[in-house]
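Descriptive analysis of the structure
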Amino acid sequence: MFPDHIRELAAKLLAEYGLSGRMVAAAESCTGGLIAGAITDIPGSSKVFDRGFVTYTNVAKSEMLGVPPSLIMAHGAVSAEVAVAMAVGALAKSKADVTVAVTGVAGPDGGTDAKPVGRVYIATAVRRGPAKAREYTFSGDRQEVRTQTVECALERLRAARPVLT
């Protein structure tokens, strides 16, 4: 179902987090559950993956993750601020030690000059640590943008280090 390089990234993530007994969760908009799907495609993922939130609409972002509607109004759903709020919300509503959140314009429609097709924000939040977002502009069709987003989100999860107590 997923390309080999995505499966390899997910397997490495599970191995690394499994050693520390830490868990992850995902809050997804433009990927529609693909990050959760990539992780749970690997046997044994239940030891590391707590849950996923597919929050495709602004209402879902607010209801499921606690993203303030005023934040969405001020910055737009596709923004670093909303990505961070999604990651922090997923952390608050899960047992995860680290979360990843993605929001973006996968296309082919919906892009603007300010936020073109392929613009994606990926944020990570770490329990007892910082939340950080990064802006990306991916190229290709809808599927390629989504695949690149999943790959980058898995890499960002691997790079985020939960604070061990």
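Here goes a summary of the coordinates provided. (Residues numbered from 1 in each chain as written. Predicted model: local features only at pLDDT ≥ 70, side-chain atom pairs only at ≥ 80, totals over all residues. Heavy atoms only, no water.)

**Here we look at the overall build of the protein chain**
Across its full length, the protein chain holds 6 helices and 5 strands. When the elements of the protein chain are put in sequence order from the N terminus, they spell out α-β-α-β-α-α-α-β-β-β-α. A globule of 165 residues ought to have a C-alpha radius of gyration of about 15 Å, and the protein chain, at 15 Å, matches this closely. The principal-axis extent of the C-alpha atoms belonging to the protein chain is close to 45 × 35 × 20 Å. Considering the protein chain as a whole, with its 165 residues, one finds that 49% of them fall into the buried category. (Helix = DSSP H or I, 4+ residues; strand = E, 2+ residues; numbered from the N terminus. Rg over C-alpha atoms; globule rule 2.2 N^0.38 Å. Buried < 20%, exposed > 50% of the residue type's maximum accessible area, 1.4 Å probe, protein only.)

**Quick notes on the environment of Ala92**
Among the secondary structure elements, Ala92 is positioned in helix α5 (residues 80–92). When the C-alpha atoms of Ala92 and Ala15 are compared, they prove to be 24 Å apart, with 77 residues separating the residues in sequence.

**Let's talk about the nonpolar core**
The biggest cluster of nonpolar side chains holds 33 residues, and the ones touching the most others in it are Val24, Ile35, Ile39, Ile122 and Leu154. Apart from residues no more than four positions distant in its own chain, Ile35 is found in contact with Ala26, Glu28, Val100, Val102, Val150, Ala153 and Leu154. (Core = buried A, V, L, I, M, F, W, Y, C linked by side-chain atoms within 4.5 Å. Contact = heavy atoms within 4.5 Å.)

**Focus: the environment of Val100**
Considering the arrangement of structural elements, one finds Val100 in strand β3 (residues 98–104). Note on Val100: relative accessible area 0%, which makes it buried. Along the chain, Val100 and Tyr17 lie 83 residues apart, while their C-alpha atoms are 14 Å from each other. Excluding residues within four positions of it along the chain, Val100 makes contact with Ala25, Ala26, Ala27, Ile35, Ile122, Ala123, Thr124, Ala153 and Leu157.

**Some words on the sheet that holds strand β5 (residues 131–137)**
One open sheet accounts for 5 strands, arranged β2-β1-β3-β4-β5; its pairing is mixed. Unpaired on one side and paired on the other, β2 (49–54) and β5 mark the two borders of the sheet. In this sheet, neighbouring strand axes are inclined to one another by 15° on average, regardless of whether the strands run parallel or antiparallel. Judged from the 7 bridges that link them, strand β4 (residues 119–126) and β5 form a sheet pairing that is antiparallel. The residue bridging Val120 from the neighbouring strand is Tyr136, located in β5. In the packing of helix α6 (residues 142–159) onto the sheet, contacts are made with β1 (24–28), β3, β4 and β5, and the angle to β4 comes to roughly 25°. (Pairing = 2+ DSSP bridges. Axes fitted to C-alpha atoms, helices over the stretch in contact; angles between N-to-C directions.)

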